[in-house]
Amino acid sequence: MIPLFYILSICVALVSIGIAGVAIEKNFITIMLAIELIFLASTIAFVGFFTYSATPNASGFIGLITVWAVAAVEIISLIAIYIYMKANGFEFDIELLSKLKW
Amino acid sequence: MIEVISFAIVSFIILLSSIMIFYQKSIMRAVVLLTLSFGSSSLIFFILNQNFIALLQLFIFVGGMSTYLIVAVSSEYKKIKEIDFVKICIVAAVIFSAVFLSIVGVTSNNAVQSTSMSSYFAYTFENYFPLIYATIVMLFLTSMGSVLIIRKYVKLMI
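Residues numbered from 1 in each chain as written. Chains lettered and ligands numbered in written order. Predicted model: local features only at pLDDT ≥ 70, side-chain atom pairs only at ≥ 80, totals over all residues.

S.K.: I tried to follow the overall build of chain B on my own but got confused; where do I start?
M.R.: Broken down by element type, chain B carries 6 helices and 0 strands. By residue count, 26% of the 158 residues in chain B fall in the buried class. Of all intrachain contacts in chain B linking residues separated by at least 6 positions in sequence, the fraction that spans at least 24 positions is 71%. (Helix = DSSP H or I, 4+ residues; strand = E, 2+ residues; numbered from the N terminus. Buried ≥ 20, exposed ≤ 12 C-beta atoms within 10 Å, placed from the backbone. Contact = placed C-beta atoms within 7 Å.)

In C-alpha cells, the structure reads:
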C-alpha cells in the first residue's frame, strides 16, 4: 500500500526538474522535452488523486485524457512550426527569452 | 512492502532519467531517456493497480515519442553552450523545496486506495492486461530498436 504522499512527492520533483530545464536550457527541442516532463507529472498526479479519492468517478479519467490531448497537440504543432521556420530560413533565437528578465 | 520497494526503484529510475535528459549532447539519447521515464511512469500506474491507464499511457506516448524521434533523426543537434549538471540540480532542488511543503504537506496522509479505473472501463479483458502490456512493450522496443539501427547504418538525407 503506497501512501499518496509518495506519489505527490514524485510529481513535485518532476515538475521542479521540468521548470529548471525550461529556465536553464538553451535549445528549443530540449525545452520541449522539459515541458513533456511537466505533463508527465500532471498525469501521475491525476492518476494518484483518482486512485485515492473517497468518491471515485470518471472525472479523473476525463482530466487524464485532456492532459494527453494537450501534450500531443503541443508536441506536433510546435515541432511543425519549428521545422517550417528552419526550412524557410527564419532565425529561432531562444536567447530572446532572456529579455523577460528584470 | 514489496509495492513500496518497487515504487521506490521505479521512481528513482524516473527521476534519474529525467535529470540526465539535460546532460546529453545528442538529442537521440535525450529522447530515449524521456521514453524511459514515460515507460517507468506506466509501471507506476501498474503498481497503483491502474492497468488500463498504464496501457493507454504506453499507447499514447508511442505517438508522441515517434514525433520526437523523427525530429531527432532528421535534425543536426549541436549544443551551443554546455549546461552545467550541478546548476540544473540546484535550481530543481530550490524549486522542489519551495513547492514541496506547500503542496504535498497539506494533503491528507491517511488517504486510502479506493478503486481501480479499469473497473469502470474494461470488464471484459481485464485478465489479459499483462499479456497486452507485454505485447505493446515488445512492439515499442522493436520500433525503437529499428529507429536506432536506421540512425546507425543509414544516412538520411532530410
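S.K.: Sorry, what's going on with unusual backbone geometry here?
M.R.: All names here are of chain B. The backbone phi angle of asparagine 49 is positive, close to 70°, even though this residue is not glycine. Take asparagine 49: it is sitting in the loop between α2 (27-47) and α3 (51-74). Judged by local crowding, asparagine 49 falls into the partly exposed class, with 17 C-beta atoms found within 10 Å.

S.K.: Is there a simple way to think about α2(B) in this case?
M.R.: Residues spaced three or four apart along an α-helix point in a common direction, a consequence of the helix completing one turn every 3.6 residues. Residues and elements named next belong to chain B. Its 21 residues give α2 an end-to-end C-alpha distance of 30 Å, which sits within 8% of 30 Å, the value for a rise of 1.5 Å per residue. Buried residues dominate α2, accounting for 15 of its 21 residues. Immediately beyond the C-terminal end of α2, within one or two residues, lies asparagine 49, with a positive phi of roughly 70°. (Expected span 1.5 Å × (residues − 1).)

S.K.: Explain the nonpolar core here, please?
M.R.: Among soluble globular proteins, nonpolar side chains are generally buried collectively. The biggest cluster of nonpolar side chains holds 54 residues, and the ones touching the most others in it are Cys11(A), Leu14(A), Ala41(A), Ile44(A) and Val47(A). Looking at this core, the elements with two or more residues in it are α1 (4-24), α2 (28-51) and α3 (59-87) of chain A together with α1 (2-20), α2, α3 and α4 (85-103) of chain B. Considering every element that reaches this core, the biggest residue donor is α2(A), with 12 residues. Residues within four places of Cys11(A) in sequence aside, it is in contact with Ala41(A), Ile44(A) and Ala45(A). (Core = buried A, V, L, I, M, F, W, Y, C linked by C-beta atoms within 7 Å.)

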